[in-house]
Amino acid sequence: MKAATHDTFGDPGDVVALTEVETPVPTAGQVLVRMMLSPIHNHDLWTIRGNYGYKPDLPGAIGGSEAIGRVEAVGEDVDQTLVGKRVAIAGVHGTWAEYFTAPAAGLLPLPDMISDTVGAQIIAMPFSAISLLETLRARKGDWIIQTAANGAVGKIMAVLAKSRGLNLLNLVRREDAVAELQALGMDNVLSTSDAGWKDAAQKLIGEGGAASAIDSVGGDIAGDLVDLLGTDGELVVFGTATGAPMPLSSGALIMKHITVRGFWGSRVSAEMAPEDRTRLITELVTLAATGELTLDADGIHPLGKVGEALTAAQTPGRSGKVLLQG
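For every chain, the first residue of its written sequence is number 1, and the numbers climb from 1 along that sequence. Predicted model: local features are reported for residues with pLDDT of at least 70 only, side-chain atom pairs are reported and counted for 80 or more only, and whole-chain, interface and lining totals are derived from all residues. Think of the side-chain values as coming from all heavy atoms in the structure, minus any hydrogens and water.

Here we take up the environment of Gly307. Numbering of helices and strands runs from the N terminus, with a helix taken as a DSSP run of H or I at least four residues long and a strand as a DSSP run of E at least two residues long. Within the secondary structure layout, Gly307 lies in helix 12 (residues 306–313). Categorising residues by exposure relies on relative accessible area from a 1.4 Å probe, with only protein chains included: less than 20% of the type maximum marks a residue as buried, more than 50% marks it as exposed, and the intermediate range marks it as partly exposed. With relative accessibility at 34%, the residue Gly307 sits in the partly exposed group. In sequence terms Gly307 and Ala17 are 290 residues apart; their C-alpha atoms lie 7.3 Å from each other.

This brings us to the nonpolar core. For our purposes a nonpolar core is just a set of buried Ala, Val, Leu, Ile, Met, Phe, Trp, Tyr and Cys residues, chained together by side-chain atoms within 4.5 Å. Formed by 52 residues in total, the largest nonpolar core has its most connected members in Leu108, Ile122, Ile123, Phe127, Ile144 and Leu160. With residues near it in sequence (within four places) discarded, Leu108 still touches Arg86, Val87, Ala88, Ile122, Ile123, Ile281 and Val285. Ranked by size, the runner-up nonpolar core spans 29 residues in total, among them Val15, Ala67, Val92 and Val322. By definition in these notes, contact holds between two residues if any of their heavy atoms fall within 4.5 Å.

Spatially, the six strands line up as an open sheet ordered 11-10-9-12-13-14, and their pairing is parallel. With partners counted over all chains shown, the strands left at the sheet margins are strand 11 (189–191) and strand 14 (259–262), one partner each. Taken pair by pair, the neighbouring strands of this sheet meet at an average axis angle of 20°, ignoring direction. A pair of strands counts as paired when DSSP detects no fewer than two bridges linking them. Where strand 9 (residues 143–146) lies against strand 12 (residues 210–215), three bridges are found, and the strand directions are parallel. Where helices are involved, their axes are fitted lines through C-alpha atoms of the stretch in contact, as for all axes, and angles between N-to-C directions lie from 0 to 180°.

This paragraph deals with the packing of aromatic side chains. Working definition: a ring pair exists when centres of Phe, Tyr or Trp rings (six-membered ring for Trp) sit within 6.5 Å. Plane angles under 30 degrees give stacked, over 60 give edge-to-face, the rest tilted. Applying the stated criterion to the full structure yields three aromatic pairs. Ring centres 5.9 Å apart and planes at 25° place the aromatic pair Phe238 and Phe263 in the stacked group. Of the two residues, Phe238 sits in the loop between strand 13 (229–237) and helix 9 (250–255) while Phe263 sits in the loop between strand 14 and helix 10 (265–271), which places them 25 residues apart along the sequence. Using a relative accessible area of 21% as the deciding quantity, one classes Phe238 as partly exposed. Residue Phe263 is classed as buried on the basis of its relative accessible area, which comes to 8%. A network of ring pairs unites the aromatic residues Trp46, Tyr52 and Trp264 as a single cluster. Geometrically, a charge over a ring is one whose NZ (Lys) or CZ (Arg) sits within 6 Å of the ring centre while staying within 35 degrees of the ring normal. Geometry around Phe127 places Arg277 over its ring, the cationic atom sitting 4.8 Å from the centre.

Before going further, it helps to spend a moment on the pattern of salt bridges. Here, a salt bridge means any side-chain nitrogen of Lys or Arg that lies within 4 Å of a carboxyl oxygen of Asp or Glu. Per the stated rule, a full pass over the model turns up 13 salt bridges. Across the salt bridge formed by Glu72 and Arg34, the nearest N and O atoms sit 3.4 Å from each other. On the criterion of sequence distance, the pair formed by Glu72 in strand 5 (residues 66–74) and Arg34 in strand 3 (residues 30–39) is long-range, its members being 38 residues apart. Taking relative accessible area as the criterion, Arg34 reaches 32% and is therefore assigned partly exposed. Taken together, the shared-partner salt bridges connect Glu134, Arg164, Asp276, Arg279 and Glu283 into one network.

Before going further, it helps to examine the pairing of strand 15 (residues 297–302). Pairing between strand 15 and strand 16 (residues 321–325): four bridges, direction parallel. Note that in strand 16 the partner of Pro302 across the bridge is Gln325. Handedness of the β-α-β unit built from strand 15, helix 12 and strand 16 comes out right-handed. When the strands point away from the viewer and the connection leading from the first strand across the helix to the second strand turns clockwise, the crossover is called right-handed.

Nothing here speaks to function; it is all geometry.
Take a look at the structure:
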């Protein structure tokens, strides 16, 4: 079969290539899935560069961690009726291929009203967002601040916060991104490129400050977020678009009893109780089925043109995920 593989760690555009590899065979508890669509996530790119929490075995590592596809075959002790089912799966490795294996227990069979484009990305980013929301101290009526609000998780968080009665302040770094998010129906959008953004943010939130702040940018913005938090507030580090260190004022941390912590979706998902996972996935599928949660694609590229897809995925200003088509 054909697969997008890399033999070394490095820039995805330089090290990933389309190669011929053996089609995998499902073992006990596994299924073989024919890939239909697979997104290119930031964590996929970090994995290829070798600076993510998971490092695949080299050479011959196959990229990708989420996909929608149809079950082609099942291994021992797996229900045969799964064959032919359209399913979504995330948290696996090697989805940028014509076929991949996955644990049968992790499959999400999809109802017909969920499109392929939505189904291909309904787990990884949405589940990270809803899992993060579950861990926050913010409760109904409280304020949450998020940076990178125009990213995939940011847009998903806006839907989830609204459905749960939470107030959300959406921060972006470009003025044109404000209009983009407002056109999507998102409220309370500010650009940190504006000189008076922080005063405007404080006016929106009120003197009590926000309960939680989520940062996916890194750098100096972290200190501003701490300033906007209320007493006993929390700063959760979800990502780092800039890779820059986060300078924080010890005075603000001490006087307001601020908690600073990280959030890694892969670990949270692995440690989550099965009943909680089912509850959250059901909430996401329901929102998607009713049209409240939309997951757009910013281009679908054949697997054979993985190089073009990787370039597109790393180009700023995208309105959705770049998808590979099997």
